[in-house]
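Examining the three-dimensional arrangement
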Amino acid sequence: MTNNLLKGVNLYLIGMMGAGKSTVGQVLAQHLGYGFVDIDTVIETAGGKTITQLFQDEGESGFRQLETEVLAQVCSFTKLAIATGGGIVLRQQNWSYLHHGLIVWLDVPVEILYARLAEDTTRPLLQNSDLQGKLRSLLEQRQHLYSQADLRITVSEGETPEQIAIRVLNEIPSVLKPTEG
Ligand SMILES: Nc1ncnc2c1ncn2[C@@H]1O[C@H](COP(=O)(O)OP(=O)(O)O)[C@@H](O)[C@H]1O
Ligand SMILES: O=C(O)C1=C[C@@H](OP(=O)(O)O)[C@@H](O)[C@H](O)C1
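Residues numbered from 1 in each chain as written. Chains lettered and ligands numbered in written order. Predicted model: local features only at pLDDT ≥ 70, side-chain atom pairs only at ≥ 80, totals over all residues. Heavy atoms only, no water.

Some points on the overall build of the protein chain
Note the threshold: Counting from the N terminus, the helices are the DSSP runs of H or I reaching at least four residues and the strands are the DSSP runs of E reaching at least two. Only the C-alpha atoms count toward the radius of gyration. The rule for a globule is 2.2 Å times the residue count to the power 0.38. Categorising residues by exposure relies on relative accessible area from a 1.4 Å probe, with only protein chains included: less than 20% of the type maximum marks a residue as buried, more than 50% marks it as exposed, and the intermediate range marks it as partly exposed. Only heavy atoms enter the contact rule, under which two residues are in contact if any of them lie within 4.5 Å. Each accessible area value is a Shrake-Rupley result obtained with a 1.4 Å probe; residue values ignore everything except the protein chains displayed when judging cover.
Secondary structure assignment for the protein chain yields eight helices and five strands. In the protein chain, the succession of α and β elements from N to C terminus is α-β-α-β-α-α-β-α-β-α-α-β-α. On C-alpha atoms alone, the protein chain measures out to a radius of gyration of 16 Å, which is about the 16 Å that the 2.2 N^0.38 rule sets for 181 residues. With the C-alpha coordinates aligned to their principal axes, the bounding extent of the protein chain is approximately 45 × 35 × 25 Å. By the burial criterion, 46% of the 181 residues in the protein chain qualify as buried. Taking contacts inside the protein chain between residues at least 6 apart in sequence as the whole, the part at least 24 apart equals 74%. Summed over its atoms, the accessible surface of the protein chain is roughly 8600 Å², and 50% of this surface lies on carbon and sulfur atoms.

Brief notes about the UniProt feature "binding site: substrate" (unreviewed entry) in the protein chain
We count it as follows: UniProt positions are given in the numbering used here, feature names are shortened, and annotations may be inferred rather than shown by experiment.
When the UniProt feature table is mapped to this numbering, "binding site: substrate" (unreviewed entry) covers Asp40, Arg64, Gly86 and Arg142. Position of Asp40 among the secondary structure elements: in helix α3 (residues 39-47). Topologically, Arg142 is positioned in helix α7 (residues 131-146). Leave out the neighbours within four places in its chain, and Arg142 touches Arg64, Gly86, Gly87, Leu90 and Leu125.

A short note on unusual backbone geometry
Non-glycine residue Lys7 carries a positive phi angle of around 55°. Here Lys7 shows up in the loop between α1 (2-6) and β1 (11-14). According to the relative accessible area criterion, Lys7 is exposed, its value standing at 57%.

Let's talk about the site of ligand 1
Counted only if it meets this: By convention in this text, a residue qualifies as near a molecule or strand provided that one of its non-hydrogen atoms is within 4 Å of it. Any pair of nitrogen or oxygen atoms within 3.5 Å is treated as a polar contact; in protein, a donor-acceptor pairing is required on top of that, and neighbouring residues in sequence qualify only through side-chain atoms on both sides. Gly counts as polar in this scheme, as do all residues outside two lists: the nonpolar Ala, Val, Leu, Ile, Met, Phe, Trp, Tyr, Cys and Pro, and the charged Asp, Glu, Lys and Arg.
Around ligand 1 sit 14 residues, and of these Gly18, Lys21, Ser22, Thr23 and Arg123 come closest. Lys21 is positioned such that a nitrogen or oxygen atom in its side chain is 2.8 Å from an oxygen atom of ligand 1. Here ligand 1, which alone exposes 560 Å², has 67% of that area covered by the protein. Broken down by secondary-structure element, the contributors of at least two residues to the shell around ligand 1 are α2 (21-32) and α8 (161-175). The greatest single-element share of the shell around ligand 1, amounting to three residues, is contributed by α2. Among the residues forming the shell around ligand 1, the class breakdown is five nonpolar, five polar and four charged.

A word on the UniProt feature "binding site: ATP" (unreviewed entry) in the protein chain
The positions that UniProt labels "binding site: ATP" (unreviewed entry) are, in the present scheme, Gly18, Ala19, Gly20, Lys21, Ser22, Thr23 and Arg123. Along the polypeptide, Gly18 turns up in the loop between β1 and α2. On the basis of relative accessibility, which here comes to 13%, the residue Gly18 falls in the buried class. Once residues within four sequence positions are removed from consideration, Gly18 is found in contact with Leu113, Arg116, Leu117 and Arg123. Secondary-structure assignment places Arg123 in the loop between α6 (110-117) and α7. Its relative accessible area of 28% is what places Arg123 among the partly exposed residues. When neighbours within four sequence positions are excluded, Arg123 is seen to be in contact with Met17, Gly18 and Leu117.

A closer look at α7
We count it as follows: We define the bend at any residue as the angle between the axes fitted to the seven residues before and including it, ending there, and the seven starting there.
Glu140 marks the point of greatest bend in α7, at about 40°. Inspection of α7 places Leu131, Leu135, Leu138, Leu139, Arg142, Leu145 and Tyr146 among the buried residues, and these make up the whole buried set. In this structure, the buried residues of α7 make contact with β1, α4 (51-74), α5 (92-98), β4 (102-107) and α6.

Some points on the nonpolar core
Under the convention used in this document: We define a nonpolar core as any set of buried Ala, Val, Leu, Ile, Met, Phe, Trp, Tyr and Cys residues linked to one another through side-chain atoms lying within 4.5 Å.
In this structure, Leu6, Ile14 and Ile172 are the most contacted members of the largest nonpolar core, which totals 60 residues. The biggest single contributor to this core is α4, with seven residues. Contact partners of Leu6, with chain neighbours within four places excluded, come to Leu11, Leu32, Tyr34, Leu102, Ile172 and Leu176.

Put into structure tokens, the structure is as follows:
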């Protein structure tokens, strides 16, 4: 039903690191018969380096440039669920690409993010002794940007990726833009 209404329009998942953009994005793609793209994975493949190495070698600004370039390319395709990186919202230019599709914010409380990311070593911005404080300050800086999404899904403790994906699918019809309906 929802995939008929969507007419191939891409779904862009935004939100903090650890929010489940990649995990839920894959479930959404399966339900919709869409392809799935993880922008971080494309950046790593294109750059031939891990995100951590890219941050080390090119700095955050070099990474952000690659992120914008990959987003611009991904936008030219349709029928995709796209997991973005948590910082995609920082560049104004990226919003013009994101708005080609429907933007879904997975809004996850810091306590849940912390539990998921406590052992993580793959996210350079989180290699900090005060992980919870870092997550809080990033969310504070970015919340007003995430809230520009078309759809906000507030995730509760214990909700499975499948349950979250179903909630996204159920809410999509209420936010489809008139030209897409
Ligand atoms: N609904 C969920 N419940 C429990 N664990 C989850 C859920 N969604 C994601 N995770 C776990 O949290 C971690 C981060 O998820 P991921 O999809 O990589 O987040 P993101 O792409 O937003 O950074 C992974 O270990 C993943 O298995
Ligand atoms: O929030 C951020 O600035 C970042 C999030 C990461 O992606 P995930 O949100 O998939 O972890 C990755 O792009 C990079 O480490 C920077």
